[in-house]
Amino acid sequence: MGFVSLFVVLMRFVQNLQMDSLDGAKWGSFGGLVMPSFFFQGAQDIFSNVRKGAAEAQEKFQESGRFEDIYQHIQQSQREQVLCGLDALRERFPRSKTRERIFERLKASMTQNTRFTASIYDLALRLQPPVPAVNDIYSELWLLDENRCTASGRQPGQGKRPWVNGNAQILIDTQVPASRLTDASMAQRALFAWVAPEVLAKPTLLYLVKLFDVFQHLDHQTSFSQAEEDAIDDFIKIVSRTAVMRRAFRYAVDVLGLDLEESEGFQDRSWQREIRRIWFTRGASPCAFEHIFVGNLSEDSDGHPVAGGLHCWLKFYLEELRGTAKYLGYFYNRNPKQALADHRYISGKFTWMHAGRNLVKEGGGFFVGVSPEWLLANGTLAYLETRDPGKPESYGWQRWLGARDRGYTKDVVYEGFRYRKVVCHSGHSLVTVFSSFLGVFEDDSDAHLDRVLPENELAQELPKVLVSEGLAHAETSELCAASVRFCAQRHCHSLGEALQEIRDVFGFSLEATMQEADADPALQEVVQDAADVLERLEEDTLNSHSLPVLIDHLKQQGRSGARLHRPLRLLLTGHPNGARVVDLLRLLELAEAELTTETGFSLRERLTIARTWENCLYDLEMDLKGLSAVNAGKDLPSVEPVAHLMNFRDAIMSLMLQSLLFKKAVLDWDLKSERAYADGPMVAMSELAVNIFSKTESLPYKFRPPALPTIRGPGPFTKKEDKGLGRGTTGVTSLQCHLLAVLREMQFMGKGLRNMDFAEKVHVSGDETGQNPASERCTQLERELTSNKGERENQMESKVEELEKSVALKANGTAMKIFTQKCQRETANKKLVTSIHKLEGEVQSLRYEFVALQRERSEVTEQNNRIAKESLPVIEKMRTLVDRSKEATERLTKDSAIWSRSFRRQVQETERILAEKDDICKELERAKRRHQMSSFNETQTFSRFSHQFLCTDFLSFGVDFII
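Residues numbered from 1 in each chain as written. Predicted model: local features only at pLDDT ≥ 70, side-chain atom pairs only at ≥ 80, totals over all residues. Heavy atoms only, no water.

K.L.:
Explain the overall build of the protein chain here, please?
P.N.:
Counting its secondary structure elements, the protein chain contains 33 helices and 14 strands. The buried share of the protein chain, taken over its 963 residues, is 40%. The long-range share in the protein chain, meaning contacts at least 24 apart out of those at least 6 apart in sequence, stands at 64%. A total accessible area of about 55,700 Å² is found for the protein chain, and carbon and sulfur atoms account for 55% of it. (Helix = DSSP H or I, 4+ residues; strand = E, 2+ residues; numbered from the N terminus. Buried < 20%, exposed > 50% of the residue type's maximum accessible area, 1.4 Å probe, protein only. Contact = heavy atoms within 4.5 Å. Areas by Shrake-Rupley, 256 points an atom, 1.4 Å probe, with all protein chains shown as cover.)

See below:
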């Protein structure tokens with residue numbers, strides 16, 4: 001009797017596990033009694049073995065790329081472990097025929113129904129303690145997501161930093177920012193560094209992988225096969241029984257007033273049909289599930305194919321695992337530093353091989369580790385809240401002008417971070433639901449920048465913001481006071497406007513303006529005027545003291561108004577329009593005096609950049625002509641002019657060699673090549689390239705020298721007091737130093753090019769020289785170079801060798817040891833200085849990237865506000881016209897129905913008259929026959945037929961008239 005009772009309880013428990021009831025009212029009494037003793041006693045062993053099976057499924061999927069390898073292998077492992085657990089449970093009872101029959105029946109039931117093993121995993125979710133209520137439904141759904149996996153990223157810093165939580169189920173490696181201009185891969189590793197195998201064994205995730213397999217073979221079908229229908233139904237049923245979907249169901253019915261059909265006291269089947277309608281209705285365009293969970297082929301605004309949707313972390317992980325998706329780097333439009341601290345949300349740039357094309361996703365974002373039921377519940381409630389055009393505002397949604405048809409946005413908070421949820425509709429269908437990162441949740445964190453402030457309050461708050469943004473060192477500094485006065489003169493009403501004005505002053509984009517001038521004749525005139533003004537400056541100096549003198553000089557030339565001030569603004573800020581020149585110059589001088597790192601180029605650097613090569617050549621020619629005019633027709637009293645010319649020659653050649661080294665530094669920057677050691681001139685050019693890129697986020701094509709050599713400048717041939725020639729006895733000249741650096745860089749680049757050509761290092765011995773064409777050509781060129789050397793060079797080389805021998809004989813061992821140690825120390829110091837400068841350059845580049853992103857954010861915010869102000873009235877007018885059109889359409893529809901009914905009645909009446917006419921004609925024919933047969937009654941028949949004939953003509957006339 002005990003076995004029979006046990007069998008009844010077990011069968012009832014199995015039935016309750018498979019029920020689709022949403023509130024669990026029926027299964028609680030039976031399932032709660034038997035579950036602790038029968039199903040959680042050996043749960044640890046079962047789940048550990050299933051975890052091994054999930055790991056094997058991952059490896060198998062990585063090799064084959066087939067989704068069925070995941071869910072089939074895991075389901076098989078679950079089935080085997082449940083049967084093993086059932087065998088262990090059977091051994092707890094004494095042997096008997098009744099025991100064997102009961103457990104054989106249970107085994108058969110478990111083998112036939114695949115949902116039973118998944119239900120055991122799902123059972124733990126049903127008995128969790130209730131989550132405390134919160135004010136927002138989306139925050140409550142976040143807390144109810146019991147299938148969410150733990151996720152972690154790396155600690156802040158560069159390179160492979162340690163993990164924040166190495167025991168997390170998912171480890172993500174964000175690495176470096178993605179390139180905004182190209183599709184080059186900046187990331188060197190995959191985004192998902194580790195995903196625990198047991199994650200894939202979770203029931204809802206396992207059924208989601210099945211749907212990935214279904215939608216992989218759909219192509220352009222508009223309907224599903226029976227097997228595909230069954231897979232969709234199984235997924236909807238299993239997610240509908242989770243805590244997240246049960247709470248979404250109650251909110252949709254109780255708060256949103258969703259009208260569902262009653263079915264035996266439960267609304268679960270109607271709820272499942274509603275979910276199916278929202279997510280799985282296919283037509284000409286992909287359904288919402290396919291776009292959001294699976295991803296699809298889409299087009300950008302220019303009609304180019306791109307990756308659409310793909311907002312599911314599991315799908316991207318599986319695509320990355322089988323090699324069809326590649327992570328290019330993270331991509332955040334707001335607060336990238338705060339976003340890197342959030343390991344729950346990823347926004348990045350990636351490529352995806354789909355439909356035979358390598359598609360690019362410029363900025364795809366998704367939550368990491370969330371369950372599919374959470375994504376489904378969020379999207380369903382967002383769609384239901386915004387379905388009726390007049391109700392979204394009552395639920396906290398706002399219109400999104402970026403949607404093609406109709407879209408809404410709403411800000412939510414999860415675990416201390418703010419996100420912006422976006423939902424888009426197309427008619428009565430759901431198109432997409434996605435989220436974007438906003439930043440750390442702080443009350444009124446961004447709104448205070450856009451809030452209109454009184455003048456005195458703006459003057460108090462602006463210095464604090466300037467210090468926090470790195471534009472000033474202290475709130476009481478003169479730069480802050482001048483910035484406050486400047487913003488007051490520019491009529492700024494908020495902190496955001498004031499910051500934008502200050503950044504416009506410190507920003508310098510002359511190259512962009514020069515490119516615009518190629519297509520704008522008016523701007524070309526301003527650029528030419530700026531070049532003329534630059535020639536009037538003495539030693540490239542422009543300050544508050546020299547500005548009045550320069551303005552008076554320009555006025556004497558006939559300049560006034562725009563021709564006077566626009567060239568000066570162009571030289572200072574890179575833009576011809578803006579504030580007064582005096583105010584701009586004052587702010588730039590104060591910023592240069594405080595040595596702030598966020599204010600861009602100094603005044604001298606701005607004027608140096610503005611100088612063209614034509615200005616430089618003109619100055620050099622004038623110096624040479626001046627020296628020639630002084631000494632023309634005279635005997636040289638000394639060798640000083642010759643020394644000046646030789647110094648000038650060496651300086652010009654050094655400058656040319658510096659330009660070569662600068663181009664090599666730019667090439668190294670583009671190729672991201674790293675070296676342990678380089679010569680001093682090469683290190684200086686590399687540092688210059690890093691500094692220019694950190695300030696302008698681009699590198700110029702040509703080298704801009706900080707100063708040009710003068711004809712009477714010092715050099716190695718200038719005689720110095722008590723020291724003879726300037727070269728001295730231990731050092732080398734600047735020309736020699738730069739020449740050696742160029743030769744070493746050419747040698748290094750030659751080795752790199754040979755390695756690049758042959759894909760490996762080539763070592764050529766003496767007997768193999770004739771077999772290598774490249775080596776033979778190099779040997780031939782070396783021989784020609786050697787044969788062309790003159791006798792003078794040979795004599796100088798012999799003298800140099802004699803001097804070296806004499807110096808070597810005089811030097812003792814101690815001096816050589818000290819010199820060697822000194823060289824080693826200098827080499828080590830150079831390496832340290834190189835690494836320090838490199839790190840400083842990277843820090844500075846990150847700072848300027850942060851400032852640029854903040855500037856872009858403010859510009860986008862201002863543009864959105866302007867578009868909203870301009871577009872909302874037009875949209876309201878269009879909405880009014882649409883309403884009027886709908887009313888007119890309804891009136892026309894009603895009138896058309898009335899006319900249709902009247903025409904239908906006329907046609908029926910006409911048909912009836914025609915039928916009567918046919919009957920009369922038949923009667924007439926019969927009368928004619930009777931007339932032929934009975935001639936004796938001709939008179940009576942004639943009168944009767946005449947009467948009928950007249951009636952028939954009358955009726956026929958009436959019918960024709962009516963028709």
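Now, onward.
K.L.:
Sorry, what's going on with the sheet that holds strand S1 (residues 151-152) here?
P.N.:
The pairing of strands in a sheet comes from backbone hydrogen bonds and takes either a parallel or an antiparallel form. The strand order across the open sheet formed by three strands is S1-S2-S3, and the pairing between neighbours is mixed. Both edges of this open sheet fall to S1 and strand S3 (192-195), since each of them pairs with a single strand only. As paired strands, S1 and strand S2 (residues 170-172) are joined by two bridges and run parallel to one another. Each residue of the ladder has a partner; that of alanine 151, found in S2, is isoleucine 170. (Pairing = 2+ DSSP bridges.)

K.L.:
I tried to follow the sheet that holds strand S12 (residues 429-440) on my own but got confused; where do I start?
P.N.:
Taken together, the four strands give an open sheet; going across it, the order is S9-S10-S11-S12, and neighbouring strands pair in antiparallel fashion. The two strands at the open ends of the sheet, each matched to only one other strand, are strand S9 (398-399) and S12. When S9 meets strand S10 (residues 406-414), the two strands line up antiparallel, connected through two bridges. Following the sheet pairing, arginine 399 is matched in S10 by tyrosine 408. Sheet strands touched by helix H7 (residues 137-144): S10 and strand S11 (417-426). Its angle to S10, the strand with the most contacts, is close to 55°. (Axes fitted to C-alpha atoms, helices over the stretch in contact; angles between N-to-C directions.)

K.L.:
What is the right way to look at the pattern of salt bridges in this model?
P.N.:
For side chains of opposite charge, pairing can occur when their charged atoms come near one another. Using the criterion set out here, one finds 28 salt bridges in the structure. For aspartate 136, the salt bridge goes to lysine 410, with nearest N and O atoms at 3.9 Å. Of this pair, aspartate 136 sits in the loop between helix H6 (115-126) and H7 while lysine 410 sits in strand S10, placing them 274 residues apart in sequence. A relative accessible area of 22% places aspartate 136 in the partly exposed class. Note that glutamate 319 is salt-bridged to lysine 315, the shortest N-O span being 2.4 Å. Of this pair, glutamate 319 and lysine 315 both sit in helix H13 (residues 313-321), four residues apart, which is roughly one turn of that helix. The two residues glutamate 319 and lysine 315 agree in class, both being buried. Look at the salt bridges and you will find they share partners, linking Arg66, Glu68 and Asp69 into a network. (Salt bridge = Lys/Arg side-chain N within 4 Å of Asp/Glu carboxyl O.)

K.L.:
What is the right way to read helix H15 (residues 372-385) from this model?
P.N.:
The end-to-end C-alpha separation of H15 is 20 Å, in line with the 20 Å expected for 14 residues at 1.5 Å each. Where burial is concerned, most of H15 is hidden: 14 out of the 14 residues are buried. (Expected span 1.5 Å × (residues − 1).)

K.L.:
How should empty space enclosed by the protein be read in this particular structure?
P.N.:
The probe, sized like a water molecule, is rolled over the atoms to show the empty space still left. Under the definition given, this model contains three cavities of 30 Å³ or more. Within this model, the largest cavity holds a volume of roughly 160 Å³. In this structure, the largest cavity is lined by 15 residues; those nearest its centre are Phe367, Leu375, Val433, Phe434 and Ser435. Of all the secondary structure elements, the ones that give two or more residues to the lining of the largest cavity are strand S8 (357-367), H15 and S12. Among the elements that line the lining of the largest cavity, the one with the most residues is H15, at four residues. Residues of the lining of the largest cavity, tallied by class, amount to nine nonpolar, five polar and one charged. Its volume calculated, the second largest cavity comes out at about 50 Å³. Forming the walls of the second largest cavity are Asn333, Arg334, Asn335, Pro336, Phe850, Leu853, Gln854 and Arg857. Here the residues of the lining of the second largest cavity are counted per class, giving three nonpolar, three polar and two charged. (1 Å grid on protein atoms, 1.4 Å probe; cavity = no way out; pocket = protein on both sides within 12 Å on 5 of 7 lines; lining within 4 Å. Points joined across faces, edges and corners; volume = space filled by probe spheres on them. Nonpolar A, V, L, I, M, F, W, Y, C, P; charged D, E, K, R; others polar.)

K.L.:
Any chance you could explain unusual backbone geometry here in plain terms?
P.N.:
Peptide bonds are mostly trans, and most non-glycine residues show a negative phi. In the Ramachandran plot, glutamate 415 falls in the positive-phi region, its phi being about 55° despite a non-glycine side chain. Summarising the element assignment, glutamate 415 is placed in the loop between S10 and S11. Although it is not a glycine, histidine 491 adopts a positive phi angle of roughly 60°. Given a relative accessible area of 61%, histidine 491 falls into the exposed group.

K.L.:
Mind showing me how you'd approach the environment of glutamate 457 here?
P.N.:
Assignment of secondary structure puts glutamate 457 in helix H17 (residues 455-468). Given a relative accessible area of 30%, glutamate 457 falls into the partly exposed group.

K.L.:
Help me out: how do you make sense of helix H10 (residues 243-254) in this one?
P.N.:
Given 3.6 residues to a turn, an α-helix orients residues that are three or four positions apart in the same direction. Its twelve residues place the ends of H10 16 Å apart at the C-alpha level, agreeing with the 16 Å of an ideal helix rising 1.5 Å per residue. H10 sits mainly inside the fold: nine of its twelve residues count as buried. In this structure, the buried residues of H10 make contact with H7, helix H9 (226-240), helix H11 (268-279) and H15.

K.L.:
I keep staring at the pairing of strand S7 (residues 345-354) and nothing clicks. Help me out?
P.N.:
Each regular strand displays side chains that alternate between the two surfaces of the sheet. Across the ten residues of S7, eight count as buried, placing the element largely inside the fold. Strand direction decides the pairing type here: strand S6 (residues 325-330) and S7, joined by five bridges, are antiparallel. Bridging across to S7, tyrosine 327 finds its partner in phenylalanine 350. Two strands pair when backbone bridges link them, and S7 and S8 are joined in this way by nine bridges, in the antiparallel orientation. Residue pairing for S8: histidine 354 is matched across the bridge by arginine 357. The loop that links S7 with its antiparallel partner S8 comprises two residues; one of these, alanine 355, has a positive phi angle of about 55°.

K.L.:
Could you clarify how one ought to interpret the nonpolar core in this entry?
P.N.:
Side chains of nonpolar character tend, in soluble globular proteins, to be buried together. Of all hydrophobic cores here, the largest spans 103 residues; its most connected members are Phe192, Phe235, Trp279, Phe289, Phe293 and Leu314. If you tally residues by element for this core, the top one is helix H8 (residues 203-216), at nine residues. Sequence-distant contacts of phenylalanine 293, defined by excluding residues within four places in its chain, comprise Leu208, Phe212, Trp279, Leu310, Cys312, Lys315, Pro372, Leu375 and Leu376. Formed by 47 residues, the second largest nonpolar core is a distinct cluster that contains Leu462, Cys487, Phe508 and Leu523. (Core = buried A, V, L, I, M, F, W, Y, C linked by side-chain atoms within 4.5 Å.)

K.L.:
Please explain the packing of helix H18 (residues 478-489) against helix H24 (residues 581-594) as it appears in this structure.
P.N.:
A packed helix pair is summarised by two numbers, namely the angle formed by the two axes and the spacing between the axes. Following both chains from N to C, one finds H18 and H24 inclined at 155°, their axes separated by 9 Å at the closest point. By the angle between their directions, the pair H18 and H24 is classed as roughly antiparallel. As H18 packs across H24, the resulting crossing turns out to be left-handed. Residues Glu478, Leu479, Ala482, Ser483, Phe486 and Gln489 of H18 pack against Asp583, Leu584, Arg586, Leu587, Leu590, Ala591 and Glu594 of H24. When grouped by side-chain class, the residues that make up the contact of H18 with H24 number seven nonpolar, two polar and four charged. (Parallel < 35°, antiparallel > 145°, perpendicular 65-115°, else oblique. Left-handed = near helix turned anticlockwise from the far one by under 90°.)

K.L.:
Just checking my understanding: could you explain the environment of leucine 542 for this structure?
P.N.:
Looking at the secondary structure, you find leucine 542 in the loop between helix H21 (521-536) and helix H22 (546-556). The class of leucine 542 is buried, set by a relative accessible area of 5%. For the pair leucine 542 and leucine 572, spaced 30 residues apart in sequence, the C-alpha separation works out to 9.4 Å.

K.L.:
How should a nonpolar patch on the surface be read in this particular structure?
P.N.:
Residues Leu739, Leu740, Leu743 and Met746 make up a contiguous nonpolar surface patch of about 370 Å² in total accessible area. Take leucine 743: it is sitting in helix H29 (residues 734-758). (Patch = residues over 30% accessible without salt bridge, like charges linked within 9 Å, V, L, I, M, F, W, Y side chains within 5 Å.)

Function cannot be inferred from these measures alone, as they are strictly geometric.
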